[in-house]
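Remarks on the overall topology
Chain by chain, the residues run as shown.
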Amino acid sequence: MSLIIPKSYKRKLLPETTEVAIKMIKDDFQQRLSSNLNLRRVTAPLFVLSGTGLNDDLNGVERPVSFEVKAVGGSRAEVVHSLAKWKRMKLGAYCIAPGFGLYTDMNAIRADEDLDNLHSLYVDQWDWEMTIHESDRNLSFLKSIVEKIYDSLKATEAKVYERFPHITPRLPENIEFIHAEDLKRIYPGMTSKQREDEAARRYGAIFLIGIGAPIDGGEPHDGRAPDYDDWITPTGDGHNGLNGDIILWDSVLGRSIEISSMGIRVSGESLRRQLEMRGCTERTSLPFHSALLSGKLPYSIGGGIGQSRLCMFMLQKAHIGEVQASIWPQEQIDACHAAGIELL
C-alpha cells in the first residue's frame, strides 16, 4: 500500500488532546477486553532466544531484529514478532483453567515493513490467549469470541463519543462473518486486498475466516505461519479454517483496516499437517513444537489487537504516526505535513 492523503483532511483533536484520548482508549478497551474474555494481565518479554521456536514467523518471510547476548555465552536473541506461542506456554505454566486466560502489552520491531498510513516499524498490540476445552475447537465458539471482542470495540467507541461528541461512531451494530473462499467467489478477478475493501465497505465490519489455507487449491487469501493458528481443520460448513481477521471500514482513508488477527490454535494433528504443507517439518524438534505434539500444552484460542491502529480508527486519524512515535521517510513526513497530518 502506498501513502494515502485523504482529500480535505481535518484532524478531530490537537496533538496534546490526542495524547489524552490515546490513554483513555487504551485504558478503557483493555479493561473491557479483560472483563469480557476473563483475562488477567501478565508481563511479556520484548525478546526471546533464537532457535527455540517461540518467536512467530508471521508470513514466514519477515526477519526478526536480533542481537548477540554477551551474558549467555554469545547466544543470539531476537525481538518478538508476536507472542502467540509464548502465551500458550504461559497458559500451561500457570495452569489457567478453560474459559480463562491472559493478556499482555506486546511491543515489537518489524524492520521489513513498508511504511505507510497503517504500517510502522514499531508494533504495539494487546496479545491475549485463553485456555479452552477440546470441544471448543469449532467455528461457533470462534464466532462467539469474535462477538465479545466486537462488543468491546463498540463500547470503547461509545466512550470516545461520550468524551468527544464531535467524533461520531462509525461501527455497525453487528460484525459480518465471511469465509475467504466465499469472498473470492463473490468478488472474482480481484486481489485479496480489493476483496477485503469491498466487503468492509459493504458491511462496515467483517470477520474474515480461513486465513492461511489454500483457496480452491491455489494461493491462500493471505499468509499465516503454520504453527500457531489452525487454518486447516474442517469447520463443518464445507470450509477449512478456525482463524481469521477482524477488519473494519475506515471512511477517513477509504479502505479497510485490519484491527486483529486471531484464531483457535493448532492441535497436535493440525500442527503436523500444516508443517507438512509448508515444508518445515524440521520444526517438530523445537521445544515449543515438541511440547505441543506430546500433549503438554493446553488447547487455546488467542490473537493480537493493534493498539495504535485501534486508537487511529477510534480518533478518525489518517496516519498511524498521529498516535505513535516512530521513524518515517522524510518525503512521507513532508507529504503528511502539507496535508495537515502531523506525525508524532
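Residues numbered from 1 in each chain as written. Predicted model: local features only at pLDDT ≥ 70, side-chain atom pairs only at ≥ 80, totals over all residues. Heavy atoms only, no water.

Let's shift gears to the sheet that holds strand β6 (residues 122-131). One open sheet accounts for eight strands, arranged β1-β5-β6-β11-β10-β9-β8-β7; its pairing is mixed. Two strands bound the open sheet, and with one partner strand each, they are β1 (39-41) and β7 (176-179). Each strand of the sheet is rotated relative to its neighbour by a mean of 30°, with strand direction disregarded. Sheet topology places strand β9 (residues 243-250) next to strand β10 (residues 255-264); eight bridges connect them, and they run antiparallel. The residue of β10 that forms the bridge with Asn 243 is Gly 263. Helix-sheet contacts for helix α2 (residues 84-93) involve β5 (101-109), β6 and β11 (300-306), and the interaxial angle to β6 is about 35°. (Pairing = 2+ DSSP bridges. Helix = DSSP H or I, 4+ residues; strand = E, 2+ residues; numbered from the N terminus. Axes fitted to C-alpha atoms, helices over the stretch in contact; angles between N-to-C directions. Contact = heavy atoms within 4.5 Å.)

Spatially, the three strands line up as an open sheet ordered β2-β4-β3, and their pairing is antiparallel. If you trace the sheet from one side to the other, it starts and ends with β2 (47-49) and β3 (66-69), each paired once. The sheet shows a mean angle of 35° between the axes of neighbouring strands, direction not considered. Taken together, the four bridges between β3 and strand β4 (residues 75-79) define a ladder with antiparallel strand orientation. Each residue of the ladder has a partner; that of Phe 67, found in β4, is Ala 77.

To continue, consider the UniProt feature "domain: Aminoacyl-transfer RNA synthetases class-II family profile" (unreviewed entry) in the chain. Those places that UniProt annotates as "domain: Aminoacyl-transfer RNA synthetases class-II family profile" (unreviewed entry) correspond, in this numbering, to residues 100-329. Note that residues 100-329 is 30% helix and 23% strand, and that its end C-alpha atoms are spaced 43 Å apart. (UniProt positions renumbered as here; feature names shortened; annotations may be inferred.)

What follows covers a nonpolar patch on the surface. Together, Leu 46, Phe 47 and Phe 67 give the surface a local cluster of nonpolar side chains, amounting to about 260 Å² of exposed area. Along the polypeptide, Phe 67 turns up in strand β3. (Patch = residues over 30% accessible without salt bridge, like charges linked within 9 Å, V, L, I, M, F, W, Y side chains within 5 Å. Areas by Shrake-Rupley, 256 points an atom, 1.4 Å probe, with all protein chains shown as cover. Salt bridge = Lys/Arg side-chain N within 4 Å of Asp/Glu carboxyl O.)

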